[in-house]
Structure formats: C-alpha cells, structure tokens
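# Residue-level structural notes
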Amino acid sequence: MRVLGIETSCDETAVAIICEKQGLLANHIYSQIALHNEYGGVVPELASRDHIRKLAPLIQEALSDADVSLSRDIDAVAYTSGPGLMGALLVGAGLGRSLAWASNKPAIAVHHMEAHLLAPLLENVAPEYPYVALLVSGGHTLLVEVLEVGKYKVLGESLDDAVGEAFDKVAQMLGLEYPGGPQIAQWALRGDPNRFNFPRPMIDRPGLDFSFSGLKTHVLNTLKSLTKIDGQARADIARAFEDAVVDTLSIKSVRAVTATKAKSLVVAGGVGANQKLREQLTRQLEKQNVTAFYPATEFCTDNAAMVAQLGLLRLRSGFCEPMQIRVQPRWSLEGI
Ligand code: KG4
Ligand code: ZN
C-alpha cells in the first residue's frame, strides 16, 4: 500500500509518498519563510497563492523521485484538512481530492495536529501507548494523552498565544527575523542568564493550561525600561525569555506524565526543535523514569511525511469518507 500525502495548512508546501513495506519513498518540502519574512509573520493570502504555484510541481517531483505513477502505484491521497489557514488548506484539499477522484482512489482528510502527534511513529524506535505528547508549534500549544491511534485526551492548552507565536512576536520586538524561534535560541546562547528573570506563567495554578501573552507583555515592558538596547541587551532578553518558556513547558510536561502515569513523552511541532527544551525535558523526565522522544527535525516541523503516514494508518483501518472537499480551519483533536 502506498499513500501520497499533501500538507498546505500554513506556510510550508509539502508532499510525501509512504509505502507500507518500504517506508518513506519521497519527502519534499518547500518553505515560504522568505516570502513572509518581511512581514514578521504569515500573510494568509500570500500563503494560499504560493501553495497554488508550488503544489502541483512538487507532487510531480515526489512521484518521479519515488519512481511511482499516481494511477498505477498510489492507493490513496491524504491531505491536511485542518486546523490551519482556510485558503491554504483549500489548495491542498482541492488538488488532493481532484487527483484522487481523477485516478479513482480514495482521498483521506487528515487532522494536522493528529499527524504531528503520530510523527514519532515515522522513526525506527517509537513510543508505546499510552504516551503524552507536548505539541508546540506556531499555532498550537497542547498537552495530549495519546491512548491509541484516533483516541486523544487534551490535558492542557494555551489560553492565548501559541508558544511558537510568542517566540515569533518576541523576536519581532527584538528586531530579529521570522521565524523567531531559531533566532531567539541563537541569540540566547550569548545571553546572561542572571540579568533578567521573567515570570513562568501559570505554574502556581492547578491544571495543565498555558498562557504566554503576559510573558510577551513582560518582554515589551522590559524593552521600554531600557535606555540602551544593544546586542547584549537583546541576547540577555532572548535568554531570559527562552529560559522562562522552557521552564514552563518542562514543569507542565512533568506534571502531565505524573498525572497520566505515562512512560513516554513525545515532543512534536516546530518549537520541539529547541535544543534547550530538549535537554531540560530529557533531564527532568529521566528522574521520573520517563523516556523523552523527539522526532527528527524534518518530522518535527510541518511536513507531509506525517500526513502520508496518518493516511496510511486510516487506509489500513478500513477508512471510508464521503467525496467532498472538506476543510476545517478550527478542529478539535477530541472531535476526530
Ligand atoms: O510546527 P511548525 O513548523 O509550524 C506550525 O506552526 O504548524 O512550527 C513553527 C514554529 C514557529 O513559531 C517557530 O518560531 C518555532 O516553531 N520554532 C522554534 C524553533 N524552531 C522553530 N521555536 C523555538 N526554538 C526553535 N529552535
Ligand atoms: Zn504544524
């Protein structure tokens, strides 16, 4: 069985082909980062138009790279149906469904966050169920208990900004480029950890929800209070911000594995690429006898391999779905 996966929920156009026996046959990605850079964030209309330009050639490239033909060798087309930007989602859904229909194959609408949650299954060593997933991206901050494929319990989520969004906005305040996460991580390396001490939001409250807008305001107020904002001040703020975020995410993740008695924690989403978060989580979870899993960076950030994989799982479980182009810009994980 082979599935073609398409991802266009935000600012990456991605196409992958997965085979039940041989694993990933192709995994192509085109990032729009340069396009959105000058605006400091994703501009939805520009994103949709660029997906239109790039998706069809990328599908052709993936098919030729894997040396397969759509009509002869592919059994289904999976595409991200939500959550995400409406226009961007419609490009992947429209082309994915059309290709499936034209070649008489099923099309499978995939939940972007579910695909992230199951991305570690693409690796050789996968976590055992039930596991807890910390899903941290530009659009989401979630702690989820993964009981099995298709069965998820949201343990906590951000009440305001997603953590990646907070990284991007703080980077913008510091005059750094988009996306802000890698920039902040880079600048934080030469920051003094003792110059500023930023709050760890909501750690004194029960529950596993997050909030990052207060921390963002704290950065803004710190910047306003400075008479001179030089390179060192930027690095020190980046360091204090990264430390506060990493501590907050680690504290809540440890609480989540303790509450669920899970033996594994998976970190998914773009912010999961943060090295300091990885080191701190691994250290703290080891003390609880819990193993931390990190998908390779190419599977951590937005990609189509995770979409193709989820499509394959659905296809194998005898999935069936009406022939309509369906996108859901907002879509609860528990409503799958
Ligand atoms: O999962 P992703 O590629 O796209 C979605 O949002 O779905 O995540 C992108 C986010 C951006 O906000 C980016 O700033 C953040 O992940 N990010 C990081 C790092 N690399 C990417 N945040 C912190 N540290 C990083 N090293
Ligand atoms: Zn994502």
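Scroll up to find the structure this text is about.
Heads up: these notes are all about the structure in this document. Keep in mind the model is a prediction, meaning the values are calculated, not measured.

## Remarks on the coordination of the zinc ion (ligand 2)
In the first shell of the zinc ion (ligand 2), the protein supplies His112 (NE2), His116 (NE2) and Asp302 (OD), at 2.0 to 2.2 Å from the metal. Mapped onto the sequence, the residues coordinating the zinc ion (ligand 2) show the spacing H-x3-H-x185-D. Of this pair, His112 and His116 both sit in helix 5 (residues 112-118), 4 residues apart, which is roughly one turn of the helix. Judged on exposure class, the residue His112 and its partner His116 are both buried.

## Points about the pattern of salt bridges
For the structure on display, the rule yields 15 salt bridges. A salt bridge links Arg49 to Glu45; the nearest nitrogen and oxygen atoms lie 3.2 Å apart. Residue Arg49 and its partner Glu45 are located together in helix 2 (residues 44-66), separated by 4 residues, close to a single helical turn. The partner of Arg72 in a salt bridge is Asp73, with the nearest N and O atoms 3.1 Å apart. Owing to a relative accessible area of 65%, Arg72 belongs among the exposed residues under this scheme. What emerges from the salt-bridge pattern is a single network uniting Asp161, Glu165, Lys169 and Lys216.

## A short note on the sheet that holds strand 8 (residues 151-157)
Two pairing modes exist for strands in a sheet, parallel and antiparallel, and in both the strands are linked by backbone hydrogen bonds. Within the open sheet, the 5 strands sit side by side as 8-7-6-9-10. Their pairing is mixed. Edge positions in the sheet fall to strand 8 and strand 10 (291-293), since each has one partner strand and no second. On average, adjacent strands in this sheet sit at an angle of 25 degrees to one another, irrespective of strand direction. Here strand 6 (residues 131-136) runs beside strand 7 (residues 141-148); their pairing, made up of 6 bridges, is antiparallel. Note that in strand 7 the partner of Leu134 across the bridge is Leu143. On the sheet, helix 9 (residues 231-260) packs against strand 6, strand 7, strand 8 and strand 9 (264-268) and is oriented at approximately 155 degrees with respect to strand 6. Those strands touched by helix 10 (residues 275-287) are strand 6, strand 9 and strand 10, and its axis lies near 170 degrees from that of strand 9.

## Quick notes on unusual backbone geometry
Going from Gly82 to Pro83, the amide bond is cis rather than trans, its omega being -15 degrees. Tracing the backbone through its elements, the reader meets Pro83 in the loop between strand 4 (76-82) and helix 4 (86-102). A cis geometry characterises the amide bond from Tyr129 onward to Pro130, with omega recorded as -10 degrees. Looking at where Pro130 falls in the secondary structure, it is placed in the loop between helix 5 and strand 6. One non-glycine residue with positive phi stands out, namely Met202, at about 65 degrees. For Met202, a relative accessible area of 15% gives the class buried. Backbone geometry at Lys261 places phi at a positive 60 degrees, although glycine is not the residue there. As for its position among the elements, Lys261 is in the loop between helix 9 and strand 9. Taking relative accessible area as the criterion, Lys261 reaches 68% and is therefore assigned exposed.

## Details of the side chain of Ser253
Looking at where Ser253 falls in the secondary structure, it is placed in helix 9. Under the relative-accessibility criterion, Ser253 is labelled buried at 0%. Leaving out residues up to four positions away in the same chain, Ser253 has contacts with Leu134, Leu143, Leu265 and Leu281.

Here is what the cut-offs are and how they apply
- Sequence order as written defines residue numbering, which begins from 1 separately in each chain.
- By the order in which they are written, chains take letters starting at A while ligands take numbers starting at 1.
- Given that this is a predicted model, residues contribute local features only at a pLDDT of at least 70 and side-chain atom pairs are listed and counted only at 80 or more, while totals for whole chains, interfaces and linings are drawn from all residues.
- The side-chain numbers reported here are obtained from all heavy atoms of the structure, hydrogens and water having been left aside.
- Metal coordination here is assigned from N, O and S atoms located within 2.8 Å of the ion, or within 3.2 Å for Na, K and Ca; omission of water means that sites may look incomplete.
- Here a strand is any run of E in DSSP of at least two residues, a helix any run of H or I of at least four, and the numbering for each starts at the N terminus.
- Burial classes: relative accessible area under 20% of the type maximum marks a residue as buried, over 50% as exposed, and values in between as partly exposed (1.4 Å probe, protein chains only).
- We define a salt bridge as a contact between a side-chain nitrogen of Lys or Arg and a carboxyl oxygen of Asp or Glu at a distance within 4 Å.
- Two strands pair under a simple rule: DSSP has to find at least two bridges between them.
- As a rule, the C-alpha atoms of each element are fitted with a line to give its axis, helices using only the stretch in contact, and angles between N-to-C directions run from 0 to 180 degrees.
- Any two residues whose heavy atoms approach within 4.5 Å at even a single point are treated as in contact.

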